[in-house]
Amino acid sequence: MVNSRVEAPTLAVMGGGGVTAGRSCAGCGDRIADRFLLFSMERYWHTRCLKCSCCHAPLGEFSSTCYSKGGMILCKNDYIRLFGHSGACSACGQSIPASEMVMRAQGNVYHLKCFTCATCRNRLVPGDRFHYINGTIFCEHDRPGGGLLSRHPTPLQANSMMPDQKVC
């Protein structure tokens, strides 16, 4: 089991005759009669059955660690991709539950409520254009050096030719 931070537990590789007797694999449900088995997240696995929930990489073959959050078993790359380096929001620093939708920018992960413009504090939603400058998020209107308008434009008034990023 893994905390919100990227700290992986030890994956125990067990082997030998009597150790595997009567154990069922958490992945496929079959009895484990293999010479080696894995013990992770308080369950036993065939080495071929312990796989990343996202990319299906066999975790027993590539490393001795795996990550768990929200009932998913993940490789390190997918854990970081989904939950960031710490499993915490880059704006407020609080943990992000696995079931919660998030916003991402430049490898950082944010709660939906925390993905806001640093100047006007308006929340950015999927489809809004924004600028990510030195780790700070700006709406299209408030981007530094962008020439401020008298009011915030609606999404239809936004200039789509500006070099920026789009929330996916």
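Note that the structure is a prediction, hence the values are computed from the model and not measured.

Novice: Any details on the pairing of strand β6 (residues 102–105)? Residues and values, ideally.
Specialist: As paired strands, β6 and strand β7 (residues 108–111) are joined by four bridges and run antiparallel to one another. The residue bridging A105 from the neighbouring strand is N108, located in β7. Between β6 and β7, which follow one another and run antiparallel, lie two residues, and Q106 among them has a positive phi close to 50 degrees.

Novice: A description of the nonpolar core should follow, citing residues and the corresponding values.
Specialist: Core analysis: the biggest nonpolar cluster contains 15 residues, and A105, Y110, F115, L124, F130, Y132 and I137 have the highest contact counts within it. Counting only elements with at least two residues in this core, the list comes to β6, β7, β8 (129–133) and β9 (136–139). Sorting elements by how many residues they give to this core places β6 first, with three residues. Residues within four places of Y110 in sequence aside, it is in contact with C89, S90, A91, I96, V102, M103, A105, F115, Y132 and I137. Core analysis: the second largest hydrophobic core is formed by 14 residues, M41, L50, C66 and F83 among them.

Novice: Requested: an account of the pairing of β9, with residues and values cited.
Specialist: One ladder, built from four bridges, connects β8 with β9; its direction is antiparallel. Along β9, the bridge assignment pairs H131 with F138. In this structure, the hairpin formed by β8 and β9 is closed by a connection of two residues, where N134 is found at a positive phi of approximately 50 degrees.

Novice: I'd like a rundown of the confidence of the model for the protein chain, residues and numbers included.
Specialist: The predicted model of the protein chain averages 74 in pLDDT, with 70% of residues at 70 or higher. Looking at the elements of the protein chain, mean pLDDT is at its lowest for strand β10 (residues 165–166), recorded as 40, and at its highest for β9, recorded as 93. Scored below 50 in pLDDT, residues 1–10 makes 32 contacts in the model with residues more than four places away or belonging to other chains. Confidence drops under pLDDT 50 across residues 149–168; counting only partners more than four residues distant or on other chains, this segment forms 39 contacts.

Novice: Account for the state of the cysteines, with residues named and values stated.
Specialist: The bond known as a disulfide is covalent and runs between the sulfur atoms of two cysteines. The final tally for this structure, using the stated rule, is zero disulfides. Here C52 stays unpaired: no disulfide links it, and the sulfur of C55, its closest cysteine neighbor, is 3.7 Å away. With no disulfide of its own, C139 lies 3.7 Å from the sulfur of C117, the closest cysteine sulfur.

Novice: Go over the environment of C54 with me, naming the residues and quoting the values.
Specialist: For C54, the location among the structural elements is in the loop between β3 (43–45) and α1 (59–62). Classification of C54 as partly exposed rests on a relative accessible area of 30%. The contact partners of C54, leaving out residues within four places of it in the chain, are L74, D78, R81 and L82.

Conventions we followed
Residues numbered from 1 in each chain as written. Predicted model: local features only at pLDDT ≥ 70, side-chain atom pairs only at ≥ 80, totals over all residues. Heavy atoms only, no water. Pairing = 2+ DSSP bridges. Helix = DSSP H or I, 4+ residues; strand = E, 2+ residues; numbered from the N terminus. Core = buried A, V, L, I, M, F, W, Y, C linked by side-chain atoms within 4.5 Å. Buried < 20%, exposed > 50% of the residue type's maximum accessible area, 1.4 Å probe, protein only. Contact = heavy atoms within 4.5 Å. pLDDT = per-residue confidence, 0-100. Disulfide = S-S within 2.5 Å.

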